[in-house]
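If you want the building blocks of each chain, they are given just below.
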Amino acid sequence: METKEIQPKEITQSMEIDGSIMSVLNETRKWTKFLAIIGFIGLGFLLLMGLFFGTVFSSMMETMPQSKSFPGEIVGFTYVIMAIVFFFPILYLLNFSNQMKTALYSSNQEALYGAFNNLKRHFKFIGIVIIVELLIVGTIIIGTGIVAAI
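Basis of the calculations
Residues numbered from 1 in each chain as written. Predicted model: local features only at pLDDT ≥ 70, side-chain atom pairs only at ≥ 80, totals over all residues. Heavy atoms only, no water. Patch = residues over 30% accessible without salt bridge, like charges linked within 9 Å, V, L, I, M, F, W, Y side chains within 5 Å. Areas by Shrake-Rupley, 256 points an atom, 1.4 Å probe, with all protein chains shown as cover. Salt bridge = Lys/Arg side-chain N within 4 Å of Asp/Glu carboxyl O. Helix = DSSP H or I, 4+ residues; strand = E, 2+ residues; numbered from the N terminus. Contact = heavy atoms within 4.5 Å. Core = buried A, V, L, I, M, F, W, Y, C linked by side-chain atoms within 4.5 Å. Buried < 20%, exposed > 50% of the residue type's maximum accessible area, 1.4 Å probe, protein only. Phe/Tyr/Trp six-rings, centres within 6.5 Å; stacked < 30°, edge-to-face > 60°.

**Student:** Explain a nonpolar patch on the surface to me, please; I cannot follow it from the model alone.
**Tutor:** The grouping of Trp31, Phe34, Leu35, Ile37, Ile38, Ile41, Phe45, Leu48 and Leu51 at the surface amounts to a nonpolar patch, some 940 Å² of accessible area in total. Secondary-structure assignment places Leu48 in helix H1 (residues 19–63).

**Student:** I would appreciate a short explanation of the environment of Ala115 in the present structure.
**Tutor:** Among the structural elements, Ala115 can be located in helix H3 (residues 109–149). In the structure, Ala115 is positioned 13 residues away from Thr102 in sequence and 9.1 Å away in space, judged by C-alpha atoms. Here Ala115 is in contact with Phe96, Gln99 and Met100, once residues within four sequence places are set aside.

**Student:** So what exactly am I meant to see when it comes to the nonpolar core here?
**Tutor:** If you look at soluble globular proteins, the nonpolar side chains tend to sit buried side by side. Core analysis: the biggest nonpolar cluster contains 16 residues, and Ala36, Leu43, Phe96 and Met100 have the highest contact counts within it. Going through the elements one at a time, H1, helix H2 (72–106) and H3 are the ones with two or more residues in this core. Apart from the residues within four sequence positions on either side, Phe96 is in contact with Thr28, Arg29, Thr32, Ala115, Phe116, Asn118 and Leu119.

**Student:** Sorry if this is basic, but what is going on with the packing of aromatic side chains here?
**Tutor:** Pairs of aromatic rings are described using the distance from one ring centre to the other and the angle between the two planes. A full pass over the atoms with the stated rule returns eight aromatic pairs. Between Phe40 and Phe87, the ring centres sit 5.8 Å apart and the planes meet at 55°, which makes this aromatic pair tilted. You can see Phe40 sitting in helix H1 and its partner Phe87 sitting in helix H2, a full 47 residues away along the chain.

**Student:** Teacher, can you tell me more about the side chain of Ser97 here?
**Tutor:** Note on placement: Ser97 falls in helix H2. Dropping the residues within four chain positions of it, Ser97 is found in contact with Arg29, Thr32 and Lys33.

Okay, here's the thing in structure tokens:
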């Protein structure tokens with residue numbers, strides 16, 4: 001039995017964006033702007049929680065010396081690091097929205113390229129973060145299994 005190899009289509013240098021595609025891109029642009037704004041608000045809460053855990057929570061632990069709980073500074077530092085890490089994909093999402101608006105309303109090809117480049121950066125960044133998180137969780141699970149076996 002002979003199998004026929006399927007070849008992907010060649011990527012062409014030009015593409016036409018009609019009114020229906022522009023409408024979908026405009027709606028997508030609005031949603032990405034909304035998600036970016038919500039993301040920045042969430043980052044603000046992460047920073048506030050980081051400051052809370054880093055200062056108030058740790059000073060409460062100092063008044064209770066018998067307590068052997070996890071230090072608040074480490075928790076606060078972790079929240080601040082998370083806010084810094086997730087700042088970039090949210091910024092890329094906001095840049096996508098702003099450049100897509102420019103591209104759609106002025107038919108600017110460079111802005112369209114910049115918009116999609118920012119969207120690519122957003123998803124690439126999120127993908128890398130997910131891979132790192134999966135590796136960390138996998139390492140923790142394997143480490144826990146080894147410790148439990150010993």
